[in-house]
Structure formats: structure tokens, C-alpha cells
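An overview of the molecular structure
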Amino acid sequence: MITTSRDPSSRLKMFAKEMKLLFPGAQRMNRGRHEVGALVRACKANGVTDLLVVHEHRGTPVGLIVSHLPFGPTAYFTLCNVVMRHDIPDLGTMSEAKPHLIFHGFSSRLGKRVSDILRYLFPVPKDDSHRVITFANQDDYISFRHHVYKKVDHRNIELTEVGPRFELKLYMIRLGTLEQEATADVEWRWHPYTNTSRKRVFLSAE
């Protein structure tokens, strides 16, 4: 289930619609005046596996929360460099096939945890699916890219980016679900002021 923060701009609503199309079987819900607890209860009652909430600052999507139901965890990401399908002319329709997933650079324990949280948002694809979603980690920024491919001949394939594209940066994982913010234990949190070195990275072991 995908929803937005309260009083979303038209641009955030558009981004939520595009996010819905990324995940096969996802639904989008207008936030309205619903509080977080009511949202989570409704999702649990209807067998929703994950609740995704997108946030904005002045019309630009800046945050994504992924809460796994019914027991957690909940991962908090900063969003940056968002390019929506809406911003690119003449893209055509988006494939609704179940996508193949590529994860690159998630070699640490935390990286494996994050890749699992993202992987389980998607169903298992069929072998003949021509849709590919990539999460590529570099220096703890996760680049999200979405392509379809077609075989040009028996040796070559042609990749076409279909969007949207954005970067994610993890800043916290909590053990509970979204409405338990006040009581759930923090599993991991990014501390910008306690890095022993500027170059320290967390999601990869390199």
C-alpha cells in the first residue's frame, strides 16, 4: 500500500502514482486526514504486506518510509535526485510484468538487511519477464533505476530506461511498525557527527 504525507502537492501525488506502478499488486491510498495508527490498522486488517509513505518538501519528494507488516521492521530513507516519468516526454506506458531485481554493492550485514527489505516488496518474476529494476549502492547512496529490455538478435539486447529514477539514503531502521515510533527499538541509525572518518560506508563491506 502506497500513500503520502498529509496535504500532498499534485507533484507528490503523481510520484505516489508512479511508485504504485513499480510494485506489482500495489494499491495507492489517498492520505486524507487519516492518522498513522489508523492507516497501519487498516493495512493489517486487509492483509497488506508493506506500507510505503512518501514525503515531500515544497513539491519535491524527499523521503520514503517502508514499513513491513504486521511486525516490522520499518526503514527510513532520504530521497534525492528524483526524476519522474512525468518529467520525460513521450515515454509510453509502463510494463506491469513482475520485474527481475539487481542488487549491487550490498555486501555488509546492514547492506544485506536493507536489500532484503527492498527485495521483499516485489513478487517473484517469471523467467521471460523483460522488466529489470536495479538497486545499485555506492558510498551508501542507493541508485534506483528501472529498465525494460528486448533482444535485438541472439547476441545483443537493447535496454530502455522507463523511469522513475532516484537515489535513496538509509538513515534509520526501527524494529516495529510505523505507528510504534515512540516505543520501537532502533536497530540502526546514521549518526553524521560520530563518523570516525569522512569516508566510512555502512552498506558495503569494501
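Scroll up for the structure.
Keep in mind that this is a model prediction, so the values were computed, not measured. (Residues numbered from 1 in each chain as written. Predicted model: local features only at pLDDT ≥ 70, side-chain atom pairs only at ≥ 80, totals over all residues. Heavy atoms only, no water.)

Of the regular secondary structure elements, the protein chain holds three helices and ten strands. The helix and strand sequence of the protein chain, counted from the amino end, reads β-α-α-β-β-β-β-α-β-β-β-β-β. Over its C-alpha trace the protein chain gives a radius of gyration of 17 Å, about what one expects of a compact globule, namely 17 Å for 206 residues. Taking all 206 residues of the protein chain together, the buried fraction comes to 43%. (Helix = DSSP H or I, 4+ residues; strand = E, 2+ residues; numbered from the N terminus. Rg over C-alpha atoms; globule rule 2.2 N^0.38 Å. Buried < 20%, exposed > 50% of the residue type's maximum accessible area, 1.4 Å probe, protein only.)

This part is about unusual backbone geometry. Peptide bonds are mostly trans, and most non-glycine residues show a negative phi. In this structure, the amide linkage connecting Gly-72 to the following residue, Pro-73, adopts the cis form with an omega of 5°. In this structure, Pro-73 sits in the loop between β3 (60–68) and β4 (74–83). Omega for the peptide link from Gly-163 to Pro-164 comes to -5°, which places this bond in the cis form. Position of Pro-164 among the secondary structure elements: in the loop between β8 (157–161) and β9 (165–174).

So, on to the packing of aromatic side chains. Evaluation of the coordinates by the stated rule reveals nine aromatic pairs. For Lys-169, the ring lying beneath its charged end belongs to Tyr-141, and the centroid distance is 4.9 Å. We note Lys-169 situated over the ring of Trp-190; from NZ or CZ to the ring centre the distance is 4.7 Å. (Phe/Tyr/Trp six-rings, centres within 6.5 Å; stacked < 30°, edge-to-face > 60°. Lys NZ or Arg CZ within 6 Å of the ring centre and 35° of its normal.)

Among the nonpolar cores identified, the biggest contains 36 residues, and Phe-23, Leu-64, Phe-77, Val-114, Phe-135 and Leu-170 are the most heavily contacted of them. Elements represented by at least two residues in this core include exactly α1 (10–22), β2 (50–57), β3, β4, α3 (109–119), β6 (131–138), β7 (141–151) and β9. Among the elements that take part in this core, α1 stands out by supplying five residues, more than any other. For Phe-135, the contacting residues outside a window of four places in its chain are Ile-102, Phe-103, His-104, Phe-106, Leu-118, Phe-122, Ile-142, Ser-143, Phe-144 and Leu-168. (Core = buried A, V, L, I, M, F, W, Y, C linked by side-chain atoms within 4.5 Å. Contact = heavy atoms within 4.5 Å.)

A separate point is the side chain of Asp-50. With respect to the secondary-structure elements, Asp-50 resides in strand β2. Here Asp-50 is buried and forms no salt bridge, its nearest opposite-charge partner Arg-113 lying at an N-O distance of 10 Å. In contact with Asp-50, not counting residues within four places along its chain, are Met-1, Val-66, Ser-67, His-68, Leu-69, Tyr-120 and Leu-121. (Lys, Arg positive; Asp, Glu negative; His and termini not counted. Salt bridge = Lys/Arg side-chain N within 4 Å of Asp/Glu carboxyl O.)

Attention shifts here to helix α2 (residues 36–45). For α2, every residue scored as buried is listed here: Gly-37, Leu-39, Val-40 and Cys-43. Down the axis of α2, the sector holding all buried residues measures 160°, keeping them to one side. Set apart from the buried face of α2 by more than 90 degrees, the exposed residues are Arg-41 and Ala-45. The inward-facing, buried residues of α2 abut β1 (2–4) and β2. Gly-47 sits one or two residues past α2 and shows a positive phi near 70°. (Arc of directions from axis to C-beta.)

It is worth spelling out the pairing of β9 at this point. Looking along a regular strand, one sees the side chains alternate between the two faces of the sheet. Extensive coverage of β9 is indicated by the burial of eight of its ten residues. Two elements, β4 and β9, share eight bridges in a ladder whose sense is antiparallel. What sits directly across from Tyr-76, in β9, is Met-172. Where β7 meets β9, three bridges bridge the pair, whose relative direction is antiparallel. Opposite Ser-143, over in β9, you have Glu-167 as the bridge partner. (Pairing = 2+ DSSP bridges.)

Our focus in this paragraph is the environment of Phe-23. Within the secondary structure, Phe-23 sits in the loop between α1 and α2. What makes Phe-23 buried here is its relative accessible area of 9%. It is 19 Å that separates the C-alpha atoms of Phe-23 and Val-62, two residues lying 39 residues apart in sequence. Here Phe-23 is in contact with Ile-2, Leu-52, Leu-121 and Phe-122, once residues within four sequence places are set aside.

Here we come to the pairing of β6. The element β6 is extensively covered by neighbouring structure, given that six of its eight residues are classed as buried. Alignment of strand β5 (residues 100–104) against β6, held across five bridges, turns out to be parallel. Bridging across to β6, Ile-102 finds its partner in Thr-134. You can see the chain leave β5, run along α3 and come back into β6, and the turn it takes is left-handed. Hairpin geometry of β6 and β7 is characterised by an intervening segment of two residues between the two adjacent antiparallel strands and by a positive phi of about 55° at Asp-139. (Right-handed = clockwise from strand over helix to strand, strands pointing away.)

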